[in-house]
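# Geometric and topological summary
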Amino acid sequence: PTPTPTPTPSPTASADAIDAWMAAEDELLERTSSLECSLLSRPGDGELLANGALAGVDCEPPIDGIAELKLFTFPDTWRLRRYHRTRIEESGERVRPDPQACLQGQQGVRKWEHGSVACWLQEGRSKAAIHWTDERTDTYGIIRPESAANDRLAELWLEVLEASEA
């Protein structure tokens, strides 16, 4: 019997993937030009880049009260939504649908005009997290406030959105 040849990876496929990744980085840097952001180095370096994101940036917080701001771009809305659901499930917190999520200290997840936003407390309620999606650009955002004072989470998130769209 004649052995079946094993296909070899196409160098073009790798080049295409690299081109797509570089284009995603350029596009994300352009979209965040109103902020001071730097690229997260390479796929696999950041948690999200290892989970399907094409590119990620770490940004200087544009407003007081934020310790960390990261933005990631995904190849499509399906992967963006899947990752958001996974993060909520893996948070270890009771993050449930709630129309008041992120408002006045309410932990939960809710829809907004262009995706969804989730807020929860972590590490014995000493740290807060805000995770959101923007389906217009298949962007995933993470804000970690300086304080777990959950009553300001929605305000911080809206201020970041406004600053990033300026």
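Quick look at the structure, then. Predicted, not measured: the structure shown is a model, and the values here were computed from it.

## Description of the side chain of Asp134
- Relative to the helices and strands, Asp134 is located in strand S6 (residues 127–134).
- Looking at Asp134, its side chain comes within polar contact range of the side chain of Arg136, at 2.6 Å.

## Concerning the packing of aromatic side chains
- Throughout the structure, instances matching the rule amount to 3 aromatic pairs.
- On the basis of an interplanar angle of 65° and a centroid distance of 6.4 Å, the ring pair of Phe74 and Tyr140 is categorised as edge-to-face. With Phe74 in the loop between strand S3 (66–73) and helix H2 (77–90) and Tyr140 in strand S7 (residues 139–145), the pair connects residues that are 66 residues apart, well separated along the chain.
- Residue Phe74 is classed as buried on the basis of its relative accessible area, which comes to 2%.
- When the ring of Tyr83 is compared with that of Tyr140, the centres are 5.2 Å apart and the planes differ by 85°; the resulting orientation is edge-to-face. Here Tyr140 lies in strand S7 and Tyr83 lies in helix H2, a separation of 57 residues in the sequence. Here Tyr83 and Tyr140 have matching classes, each one buried.

## Let's talk about the nonpolar core
- Among the nonpolar cores identified, the biggest contains 26 residues, and Leu69, Ile130, Trp132, Ile143 and Trp157 are the most heavily contacted of them.
- The dominant element in this core, judged by the number of residues it contributes, is helix H3 (residues 153–164), at 6 residues.
- For Ile130, the residues in contact, after removing those within four places along its chain, are Val117, Ala118, Cys119, Gly141, Ile142, Ile143, Pro145, Leu153 and Trp157.
- Among the nonpolar cores identified, the runner-up in size contains 8 residues, and Ala53, Leu80, Tyr83 and Ile142 belong to it.

Rules behind the numbers
- Residues numbered from 1 in each chain as written.
- Predicted model: local features only at pLDDT ≥ 70, side-chain atom pairs only at ≥ 80, totals over all residues.
- Heavy atoms only, no water.
- Helix = DSSP H or I, 4+ residues; strand = E, 2+ residues; numbered from the N terminus.
- Polar contact = N/O pair within 3.5 Å; in protein donor to acceptor, adjacent residues only side chain to side chain.
- Phe/Tyr/Trp six-rings, centres within 6.5 Å; stacked < 30°, edge-to-face > 60°.
- Buried < 20%, exposed > 50% of the residue type's maximum accessible area, 1.4 Å probe, protein only.
- Core = buried A, V, L, I, M, F, W, Y, C linked by side-chain atoms within 4.5 Å.
- Contact = heavy atoms within 4.5 Å.

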